[in-house]
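Residue-level listing of the chains:
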Amino acid sequence: MHNSAFKALGVNAYYLFLETAPDGFRRLLREKKRLPLSGFNLTVPHKEMVLPFLDKTSPEVRLIGACNTVRINGSRWEGHNTDAYGFLKGLEEKKFHPKGKDVIVIGAGGAARAVIFVLLSQGVKSLVVLNRTLSKAEKLVRGFSSRFPDSLYGAARLDPENIRTFLPGKHLIVNTTSVGLKAGEGSPVSSKDFPRVTGRVLAYDLIYGPRTSFLKIAQAKGCRTQDGLAMLLHQGAKAFEIWTGKKAPGGVMRKALRKQ
Ligand code: ATR
């Protein structure tokens with residue numbers, strides 16, 4: 001996606017994939033001044049680890065507590081979070097406007113934080129976080145509720161009873177867990193517990209790639225669906241703009257992603 005965009009705009013740059021375990025990444029960060037890079041993206045589990053090494057952070061990074069895009073400006077590292085923007089663009093593509101809506105977020109990890117930040121900034125009426133580990137959902141909700149006091153909050157364990165209690169009547173159901181990432185994996189919400197919906201309910205899975213069981217079940221129950229490809233595209237386009245100062249060639253990037 002990025003290399004196609006660099007090529008299309010004649011930017012002399014190359015985007016490459018580096019896989020590193022947390023320890024190796026920490027060592028790399030200590031050598032930060034010597035890294036021959038103009039910028040980089042970060043993914044799980046490095047988005048929080050980088051924070052102490054940043055010289056400047058965007059308001060989103062501070063509120064979400066995670067950084068997925070770094071721009072290196074001389075010796076200064078500027079941290080951004082384009083996941084939030086990408087998620088919002090994914091909602092916009094489906095003409096979903098969060099203001100005044102009732103939403104469920106499944107999962108309470110780093111991805112959930114960006115999603116919840118977007119939904120609260122956009123003025124949802126109520127937000128319930130369902131997570132396998134209840135304490136993490138509660139902590140997440142507590143952290144946001146003081147900063148966004150106008151929405152109603154809930155946190156509950158992700159189990160069949162709570163799914164059947166909380167899902168009916170919601171306008172948006174987002175899966176931020178990693179369940180479904182591996183081919184053939186199940187869904188965080190079983191077909192048996194997923195309520196039949198009426199109206200324009202949107203089910204959004206942050207996972208991209210082959211259609212997940214979660215989205216298949218949601219669609220069978222009457223939901224509209226959005227997968228993670230739109231978020232991947234838009235977070236990338238925004239990162240491209242941060243690094244290059246140029247408008248991202250969205251069509252080129254989308255085409256490159258589809259070819260993967
Ligand atoms: P990310 O930054 O991508 O959100 P993460 O911080 O590791 O990654 O969070 C992963 C999320 O998926 C968590 O909410 C996790 O639940 P726990 O907090 O209970 O660990 C959830 N998750 C992972 N595997 C799961 C599973 N098999 N069933 C339900 N939830 C799962």
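Residues numbered from 1 in each chain as written. Predicted model: local features only at pLDDT ≥ 70, side-chain atom pairs only at ≥ 80, totals over all residues. Heavy atoms only, no water.

Draft legend 1. Representation of the sheet that holds strand E9 (residues 202–205). Sheet architecture is open: six strands sit in the order E7-E6-E5-E8-E9-E10, paired in parallel fashion. Looking at the sheet topology across the chains shown, the edges are occupied by strand E7 (152–157) and strand E10 (224–226). Between one strand axis and the next, the sheet turns through 15° on average, direction left out of account. Pairing of strand E8 (residues 172–175) with E9 involves four bridges; the strand directions are parallel. What sits directly across from leucine 172, in E9, is leucine 202. The strands touched by helix H6 (residues 134–145) within the sheet are strand E6 (126–131) and E7, with E7 carrying the most contacts at an inclination of about 170°. (Pairing = 2+ DSSP bridges. Helix = DSSP H or I, 4+ residues; strand = E, 2+ residues; numbered from the N terminus. Axes fitted to C-alpha atoms, helices over the stretch in contact; angles between N-to-C directions. Contact = heavy atoms within 4.5 Å.)

Draft legend 2. Molecular detail of the packing of aromatic side chains. Under the definition given, this model contains seven aromatic pairs. For the pair phenylalanine 144 and phenylalanine 148, a centre-to-centre distance of 6.4 Å together with 40° between the ring planes defines the contact as tilted. One exposure class covers both phenylalanine 144 and phenylalanine 148, and it is buried. Connected via pairs of aromatic rings, a cluster forms that spans Phe117, Phe144 and Phe148. Over the ring of phenylalanine 96 we find lysine 101; its NZ or CZ atom is 5.2 Å from the centre of that ring. The ring of tyrosine 85 carries the charged tip of lysine 238 above its face, separated from the ring centre by 4.7 Å. (Phe/Tyr/Trp six-rings, centres within 6.5 Å; stacked < 30°, edge-to-face > 60°. Buried < 20%, exposed > 50% of the residue type's maximum accessible area, 1.4 Å probe, protein only. Lys NZ or Arg CZ within 6 Å of the ring centre and 35° of its normal.)

Draft legend 3. Inspection of the side chain of histidine 234 at higher detail. Assignment of secondary structure puts histidine 234 in helix H9 (residues 229–244). At a separation of 3.0 Å, a polar atom in the side chain of histidine 234 contacts the side chain of glutamate 93. Each residue touching histidine 234, except ones within four places of it in the same chain, is listed here: Tyr85, Gly86, Lys89, Glu93 and Arg254. (Polar contact = N/O pair within 3.5 Å; in protein donor to acceptor, adjacent residues only side chain to side chain.)

Draft legend 4. Seen up close, the pairing of strand E4 (residues 76–80). Burial runs high along E4: four of the five residues are buried. Pairing of strand E2 (residues 56–57) with E4 involves two bridges; the strand directions are parallel. Paired with threonine 57 across the two strands is glycine 79, which belongs to E4. Once strand E3 (residues 69–73) ends, the chain turns through two residues before running back antiparallel as E4, passing glycine 74 with a positive phi of about 65°.

Draft legend 5. Geometry of unusual backbone geometry. Here the amide bond leading from valine 44 into proline 45 is cis, since omega sits at 0°, within 30 degrees of zero. Among the secondary structure elements, proline 45 is positioned in the loop between strand E1 (39–41) and E2. Even without being a glycine, lysine 95 presents a positive backbone phi close to 55°. Here lysine 95 is to be found in the loop between helix H4 (83–93) and strand E5 (102–106).

Draft legend 6. Expanded view of the nonpolar core. Phe87, Leu91, Ile116, Leu119, Leu127, Leu172 and Tyr204 are the most contacted members of the largest nonpolar core, which has 32 residues in total. Breaking this core down by element, the ones donating at least two residues are H4, E5, helix H5 (110–121), E6, H6, E8 and E9. Sorting elements by how many residues they give to this core places H5 first, with eight residues. Excluding residues that lie within four positions of it along the chain, leucine 91 makes contacts with Phe96, Pro98, Leu119, Leu172, Leu202 and Tyr204. One finds Leu130, Val189, Ile217 and Ala218 within the second-largest nonpolar core, a separate group that totals 18 residues. (Core = buried A, V, L, I, M, F, W, Y, C linked by side-chain atoms within 4.5 Å.)

Draft legend 7. How the structure looks around the site of the ligand. If you check the shell around the ligand, you find 13 residues, and the closest are Ala108, Asn131, Arg132, Thr133 and Lys136. Arginine 132 has a polar side-chain atom sitting 2.9 Å from an oxygen atom of the ligand. Residue lysine 136 places a side-chain N or O atom 2.8 Å away from an oxygen atom belonging to the ligand. Coverage of the ligand by the protein chains reaches 69% of its 650 Å² of free accessible surface. For the shell around the ligand, the per-class residue count stands at four nonpolar, seven polar and two charged. (Near = heavy atom within 4 Å. Areas by Shrake-Rupley, 256 points an atom, 1.4 Å probe, with all protein chains shown as cover. Nonpolar A, V, L, I, M, F, W, Y, C, P; charged D, E, K, R; others polar.)

Draft legend 8. Structural view of helix H10 (residues 250–259). What H10 keeps buried is the set Met253, Ala256 and Leu257. Projection of H10 onto a plane perpendicular to its axis shows the buried side chains occupying an angular sector of 100°, all on one side. Pointing more than 90 degrees away from the buried face of H10 are the exposed residues Gly251, Lys255, Arg258 and Lys259. Tucked inside the fold, the buried residues of H10 contact helix H1 (2–9) and H9. (Arc of directions from axis to C-beta.)

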